[in-house]
Amino acid sequence: MRLPTLVAGLLVAGILIPAVGTLDTPAQAARSSTSGIGIRLLEAPVAARADKRAWAYIVDHLAPGTVIHRRVEVFNTTRSPKQLSIYPAAAQISDRKFQFAADHTANELSTWITMDRHKVILPPEGRAPVTVTIAVPDDAAPGERYAMIWAETAKAAPPTGGVTQINRVGIRLYLDVGRGNPPASDFTIDSLTAQRSPDGQQAVLAQVHNTGGRALDLSGDLKLTSSSGSQHHSAGPYKVQTGTTLAPGDTGTVTATLTEQVPDGPWRARMRLESGLTKRAAEATIRFPAAGAARAVKAEMDTDSYLMVALAVGVLLAVLAAIMFLLIQRKRRSRREPSNA
């Protein structure tokens, strides 16, 4: 009789334990009262080293025919040895979430991925590096693709019957295929909506539109301010609930839940969101309803963020123009100078 398989725990880019928890490094894991298995990136592309997202996930843009290598580390913070299986599998963005396929399900991107080892036995408190190779076929069509690198440990069911327990941790892959520069990441915050749950908890929802060419993993915060005569009040910042991933062209909402009760308002709400190095902010005047959700209010995008982008682009173009001018002048001078031959 075939026994059922139970996925006992699942956590991405961190350490896996039966109860949910995250630790960024083996050293942090060792200091924690919990233990388990983990996986993390050991490096990021040079061009993206300022991007915290590129240190958690493999985020890259590659031309057809390109081969790259990324080093990851698997680790064991338990007091017993662990045998890990390491493999790629499919993923997709669906319902505004980064969704993992079951078991070893493959997709196009996962078939491009190989590892220098597929089995690792880690001693207690042990760790081991693994090299991940991504080889993009010469005829690969342009576009962004998603996959996972999994480290998995399994506990077989007892001979008398029962459930096979499988624990796995993973690192996300966001790979865009195309020639030239990568597509730009960008988004707009279209509206803010105040709401109150049945138990009275207040929250603000932001509707976000991914207007760029790369997927977004959104995080950020909300701050509230109000003025009444000479009195000024503020509340927050309140962290945005993470977990919203928007594919290019997609629209979805992110939520900031207030951690204490505030007056109904009106409030000037300022939502700041980011994905990697792309940061945007927007404001709207809101009022919390007695129950349910208020009407969505059109958000006013912070023009400062766009101005900074425009200034950066302008400076870059000016530098490139100056370099081209100097090269042209140098070439003209070399043509006018007589040859010594």
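A few points on the structure. (Residues numbered from 1 in each chain as written. Predicted model: local features only at pLDDT ≥ 70, side-chain atom pairs only at ≥ 80, totals over all residues. Heavy atoms only, no water.)

Concerning the pattern of salt bridges
- In this structure the tally under the stated criterion is 15 salt bridges.
- Residue Glu-43 is joined to Arg-71 by a salt bridge in which the shortest nitrogen-to-oxygen separation is 3.7 Å. Taken as a pair, Glu-43 in the loop between strand S3 (37-41) and helix H2 (52-56) and Arg-71 in strand S5 (residues 67-76) lie far apart in primary sequence, 28 residues in all.
- For Arg-71, a relative accessible area of 37% corresponds to the partly exposed category.
- Taking the shortest distance from any N to any O, the salt bridge between Arg-145 and Glu-108 comes out at 2.7 Å. Highlighted residues: Arg-145 in strand S11 (residues 143-155) and Glu-108 in the loop between strand S7 (97-100) and strand S8 (113-115), separated in sequence by 37 residues. (Salt bridge = Lys/Arg side-chain N within 4 Å of Asp/Glu carboxyl O. Helix = DSSP H or I, 4+ residues; strand = E, 2+ residues; numbered from the N terminus. Buried < 20%, exposed > 50% of the residue type's maximum accessible area, 1.4 Å probe, protein only.)

Overview of the nonpolar core
- Counting 30 residues, the largest nonpolar core has Ile-39, Val-74, Ile-113, Ile-134, Ile-149 and Leu-173 as its most contacted members.
- In terms of residues, this core owes the most to one element, strand S12 (residues 164-177), which gives five residues.
- Excluding anything up to four places from it in sequence, Val-74 contacts Gly-38, Ile-39, Leu-84, Ile-86, Val-120, Leu-122, Gly-126, Arg-127, Ala-128, Val-130 and Ala-151.
- If you look at the next biggest cluster of nonpolar residues, it comprises 28 residues, including Val-204, Ala-269, Ile-286 and Phe-288. (Core = buried A, V, L, I, M, F, W, Y, C linked by side-chain atoms within 4.5 Å. Contact = heavy atoms within 4.5 Å.)

Thoughts on the side chain of Arg-168
- Take Arg-168: it is sitting in strand S12.
- Buried charge without a salt bridge: Arg-168, with Glu-152 as the nearest opposite-charge side chain at an N-O distance of 4.7 Å.
- A polar atom in the side chain of Arg-168 sits 3.1 Å from the side chain of Tyr-87.
- Engagement of the side chain of Arg-168 in a polar contact is seen with the backbone oxygen of Asp-103, the distance being 3.2 Å. (Lys, Arg positive; Asp, Glu negative; His and termini not counted. Polar contact = N/O pair within 3.5 Å; in protein donor to acceptor, adjacent residues only side chain to side chain.)

What about the packing of aromatic side chains?
- Per the counting criterion, the structure on display carries six aromatic pairs.
- Centroid distance Tyr-57 to Tyr-174: 5.7 Å. Interplanar angle 40°. Geometry classified as tilted. With a gap of 117 residues between them, Tyr-57 in the loop between H2 and strand S4 (58-62) and Tyr-174 in strand S12 connect regions that are remote in the sequence. In this pair, the class of Tyr-57 matches that of Tyr-174, namely buried.
- With a centroid separation of 6.1 Å and an interplanar angle of 80°, the aromatic rings of Phe-98 and Tyr-146 are classed as edge-to-face. Taken together, the positions of Phe-98 in strand S7 and Tyr-146 in strand S11 put the pair 48 residues apart, joining distant regions of the chain.
- Taken together through their ring pairs, the aromatic side chains of Tyr-57, Phe-98, Phe-100, Tyr-146, Trp-150 and Tyr-174 make up a single cluster.
- In this structure, Arg-168 is placed above the aromatic ring of Trp-150, and the distance from its NZ or CZ to the ring centre is 3.8 Å. (Phe/Tyr/Trp six-rings, centres within 6.5 Å; stacked < 30°, edge-to-face > 60°. Lys NZ or Arg CZ within 6 Å of the ring centre and 35° of its normal.)

A closer look at unusual backbone geometry
- Each neighbour pair has its own omega, and for Gly-236 with Pro-237 the value is 10°, a cis peptide bond.
- The residue Pro-237 is located in strand S17 (residues 231-239) in this model.
- At the junction of Gly-265 and Pro-266, the peptide bond is cis and its omega measures out at 20° in the coordinates.
- One non-glycine residue, Arg-96, adopts positive backbone phi at about 65°.
- Turning to its location among the elements, Arg-96 is positioned in the loop between strand S6 (82-94) and S7.
- With phi around 50°, Asp-103 is a residue other than glycine that occupies positive phi space.

Keep in mind that these numbers describe shape and distance, not what the molecule does.
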